[in-house]
Amino acid sequence: MTTRLTVAQALVRFLAAQYTERDGVRQRLISATWGIFGHGNVAGLGQALVEYADDMPYHQGRNEQSMVHAAVGYARQSNRLSTHAVTTSIGPGATNLVTGAALATINRLPVLLLPGDIFATRVADPVLQQLEVPYAGDISVNDCLRPVSKYFDRVTRPEALIPAALQAMRVLTDPVETGAVTLALPQDVQAEAHDWPDEFFAERTWVVRRPGADPTELAEAVQAIRSARRPLLVAGGGVHHSRAEEALAEFASATGIPVASTQAGKGSLRHDHPQDVGGVGHTGTATANELARQADLVIGVGTRWTDFTTASGTLFAADGVRFLNLNIAPYDGHKLAGTPLVADARSALQELTGALQLHAHRVTGAYVDEYTLDKERWEQRVDACYEADEPDIRPTQPQVLGALDALVDESDVVINAAGSLPGDLHKLWRARSRDQYHLEYGYSCMGYEIPAAIGVKMAAPDRNVWALVGDGTYLMMPTEIVTAVQEGIAIKLLLIQNHGYASIGGLSETVGGERFGTAYRYQSDDGTYTGAPLPVDLAANVASLGMRVLRAKTVRDLRAALEEARAADTPTCVYVETETADTVSGAPPAQAWWDVPVAETATRPSAVKARELYERHVSTRRRHL
């Protein structure tokens, strides 16, 4: 039996029938579609979404990149088991997807992209917004999406949709391969009718695997742990994707091995778990980084080992240090010349715990006492950063975080991505639940926070969801505030005004850039931006987009405003002005290095001094072979 439908109609019907299942729990794979319509998709996917509105919910976005961010936020909150599709027209609508696609793929989070494309038949050539490539007739702007997609196909014939759609679902549900998936849809093909086999529209369940460890690799891992004197476990985002937090807690409690976390892995253990030692790497805690410097075995669980985590190859400094990499992706399992343990994080942690318990293995009491005392010292530093002795003055950024920290409970979700906040949060934030700390730092994409908060709130409607945004990030992409207002999505926006790019300004100063071009100020006579701060009223801008705004001038005001916002059932913004971008945030400085190359030759003293310091750091870098 067959059913005659357009390609777009068939695709929407197909997507509505796709499910995932893990641990016996089944749910929709594509639970909704975001879209902005233009000539490249309005008559195809636009019409199909109207046709099947009961089967496929639709959400209206304001920016194509931000629609991807919303889908990614939803996917992360859904443990990669459910996501959204995003459809755009051809031209700028399609190219606006590229940044969102890169973010999804780098963070290994599934999202389905459905950009319109130029005519497959080429009867109208060139069409509006078409990129003409003289040496190739089959290239369009959508080819920009190839390097940032885990799977890409251009559906130039109706019958080609069937294998393309099935491959797309395979990649979206593969815990190793998942990321952005792109099906480019020529605008004429979208509207073309075809007789589809009814089997194409039958419900399909894609089982998300939990592969266990290979016995030989497991035995090697057990032996490596048993022979280590100062082991350290580094929890990455894979712990969360696997829902391995409980298994990790049992492993840490049974062995006494301390657990540090990457930005993506923070919250793998609650902040008050005895073995949690906080963030590791350039934005990490002194406790975790000192343990890393002296560790003889580093157990990476679900981490990609980025340069922030390894302090650009300078952090893990002990002679003979070895790495054990528990990762579902073989590519990551072999990094840093590590012993690979290729498996699902939860499955392998459970197997490791069982095997080590057979030997009654546990680190020494002296080691536990050492990191416990260091953790207590660090917590005292956090308290000092959060404390506000004078509640009637303007807060520092850490005091803003302290006010929020004092208010939230384990049900709240805190979202951030770029600027100075990730460093302060990684060092200071006390994660109370497995998914409270939502940092996008694989791509560190300014503009992620507000749309991602919408996606998270859609996935977890009963949670309080906070988007923490600086002024630089806000000005990048505030548009989805309108979407939150339109759909009544009660996100909380904490907007911090410090008049510029505080994070990159601080970095610029340390590498000899003298904070050039990082402050939001009037231009001075010498061409630098060192005049008075700009008279920009971001709170008024938020209000103009329809969101309720609570202004806070002091610490006392801030505490009251945050409490009021948390209780609100409509989208609400708390606006607070902190220090300007040319002053420090007040958080502890970096506890480990990060390699940002400094000018090798320069005449300005700041750059010369920065280069001298840079060369000293570079000399400590090592390759783990």
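Residues numbered from 1 in each chain as written. Predicted model: local features only at pLDDT ≥ 70, side-chain atom pairs only at ≥ 80, totals over all residues. Heavy atoms only, no water.

> Where do I start with the overall build of the chain in this structure?
Across its full length, the chain carries 24 helices and 23 strands. For 625 residues, the compact-globule estimate of 2.2 N^0.38 gives 25 Å, and the chain sits close to it at 25 Å. Going through the 625 residues of the chain one by one, you find that 59% of them count as buried. Considering only contacts in the chain between residues 6 or more positions apart, those separated by 24 or more positions represent 77%. As presented, the chain carries roughly 24,400 Å² of accessible surface, and 52% of it is formed by carbon and sulfur atoms. (Helix = DSSP H or I, 4+ residues; strand = E, 2+ residues; numbered from the N terminus. Rg over C-alpha atoms; globule rule 2.2 N^0.38 Å. Buried < 20%, exposed > 50% of the residue type's maximum accessible area, 1.4 Å probe, protein only. Contact = heavy atoms within 4.5 Å. Areas by Shrake-Rupley, 256 points an atom, 1.4 Å probe, with all protein chains shown as cover.)

> Would you mind going over the nonpolar core with me for this structure?
Note that soluble globular proteins tend to have their nonpolar side chains buried in a common cluster. Within the largest apolar cluster, 54 residues are counted, with the highest numbers of intra-cluster contacts made by I225, L233, L341 and L352. Counting residues per element, this core draws most heavily on helix α14 (residues 345-358), which supplies six residues. Beyond its immediate stretch of four places on either side in the chain, L233 contacts L248, F251, I257, P258, V259, A260, I299 and V301. Within the second largest apolar cluster, 47 residues are counted, among which are A70, V456, I491 and L495. (Core = buried A, V, L, I, M, F, W, Y, C linked by side-chain atoms within 4.5 Å.)

> I keep staring at the packing of aromatic side chains and nothing clicks. Help me out?
The tally for this structure, following the rule as stated, stands at twelve aromatic pairs. Seen in terms of ring centroids, W196 and F200 are 5.8 Å apart; in terms of plane orientation they differ by 20°. Their pairing is stacked. Each member of the pair, W196 as well as F200, is classed as buried. Grouping aromatic residues by their ring pairs yields a cluster made of F14, W196, F200 and F201. Against the face of F201 rests R13, its NZ or CZ located 4.3 Å from the ring centre. Directly above the ring of W429 sits R432, whose terminal nitrogen or CZ lies 6.0 Å from the centroid. (Phe/Tyr/Trp six-rings, centres within 6.5 Å; stacked < 30°, edge-to-face > 60°. Lys NZ or Arg CZ within 6 Å of the ring centre and 35° of its normal.)

> What's the story with the side chain of T255 in this structure? I'm lost.
Relative to the elements of secondary structure, T255 occurs in helix α10 (residues 245-255). Here the side chain of T255 touches F251 through a polar contact of 2.8 Å, landing on its backbone oxygen. Not counting the four nearest positions on each side in its chain, T255 is found in contact with L356, H361, R362 and V363. (Polar contact = N/O pair within 3.5 Å; in protein donor to acceptor, adjacent residues only side chain to side chain.)

> Can you walk me through the packing of α10 against α14 in this structure?
Direction vectors running N to C along α10 and α14 enclose 20°, while the axes themselves pass 9 Å from each other. In terms of their interaxial angle, α10 and α14 are classed as roughly parallel. Remark: the crossing between α10 and α14 carries left-handed chirality. Contacts between α10 and α14 pair A247, L248, E250, F251, A254 and T255 from the former with R346, L349, Q350, L352, T353, L356 and Q357 from the latter. Grouping the constituent residues of the contact of α10 with α14 by class yields seven nonpolar, four polar and two charged. (Axes fitted to C-alpha atoms, helices over the stretch in contact; angles between N-to-C directions. Parallel < 35°, antiparallel > 145°, perpendicular 65-115°, else oblique. Left-handed = near helix turned anticlockwise from the far one by under 90°. Nonpolar A, V, L, I, M, F, W, Y, C, P; charged D, E, K, R; others polar.)

> Would you take a moment to explain the side chain of Q497 for this structure?
Relative to the assigned elements, Q497 resides in strand β21 (residues 492-497). You can call Q497 buried: its relative accessible area is 3%. A polar atom in the side chain of Q497 sits 2.9 Å from the backbone nitrogen of H499.

> Mind showing me how you'd approach the sheet that holds strand β16 (residues 322-327) here?
One key point about sheets: their strands pair by backbone hydrogen bonds, in either a parallel or an antiparallel sense. Read from one edge of the open sheet, six strands run β14-β13-β12-β15-β16-β17, paired in parallel fashion. Strands with a single pairing partner mark the edges of an open sheet, and in this sheet they are β14 (276-279) and β17 (339-342). Here the average twist between neighbouring strands, direction ignored, is 20°. In this sheet, strand β13 (residues 259-261) lies alongside strand β12 (residues 231-235) in parallel orientation, the contact comprising three bridges. Bridging from a neighbouring strand, V234 pairs with A260 of β13. Across the sheet, helix α11 (residues 286-294) touches β12, β13 and β14, and the angle it forms with β14 is around 100°. (Pairing = 2+ DSSP bridges.)

> Explanation requested: unusual backbone geometry in the structure shown.
As a rule of thumb, non-glycine residues mostly have phi less than zero, and peptide bonds are mostly trans rather than cis. Put simply, D125 and P126 share a cis peptide bond, and its omega is 0°. If you trace the backbone, P126 turns up in the loop between β7 (111-117) and β8 (151-154). The phi dihedral of R80 is positive, around 65°, even though this residue is not glycine. One can find R80 in the loop between α3 (64-77) and β6 (83-88). Even without being glycine, R515 reaches a positive phi, approximately 60°. By the element assignment, R515 lies in the loop between α21 (502-510) and α22 (538-544). Given the relative accessible area of 16%, R515 is considered buried.

> Sorry if this is basic, but what is going on with the pattern of salt bridges here?
A complete count under the given rule lists 36 salt bridges for this structure. Taking the shortest distance from any N to any O, the salt bridge between D23 and R210 comes out at 2.9 Å. Separated by 187 residues along the polypeptide, D23 in the loop between β2 (18-22) and β3 (25-28) and R210 in the loop between β11 (204-207) and α8 (215-227) bring together distant segments of the chain. Here R430 ties to D383 by a salt bridge, and the two come within 2.7 Å at their closest N and O atoms. A residue pair is termed long-range when its members are at least 10 positions apart, and R430 in the loop between α17 (421-428) and β19 (437-439) and D383 in helix α15 (residues 365-386) qualify at 47 residues. Among the charged side chains, a salt-bridge network with shared partners connects R243, E245, R434, D435 and R463. (Salt bridge = Lys/Arg side-chain N within 4 Å of Asp/Glu carboxyl O.)

> How do you make sense of the pairing of β16 when you look at a structure like this?
If a strand is regular, its side chains alternate between the two faces of the sheet. β16 sits mainly inside the fold: five of its six residues count as buried. The pairing of β16 with β17 spans four bridges and is parallel. Across the sheet, N325 pairs through a bridge with P340, a residue of β17.

> When you look at the environment of Q350 in this model, what are you seeing that I'm missing?
Along the chain, Q350 falls in helix α14. For the pair Q350 and L248, spaced 102 residues apart in the sequence, the C-alpha separation amounts to 8.1 Å.

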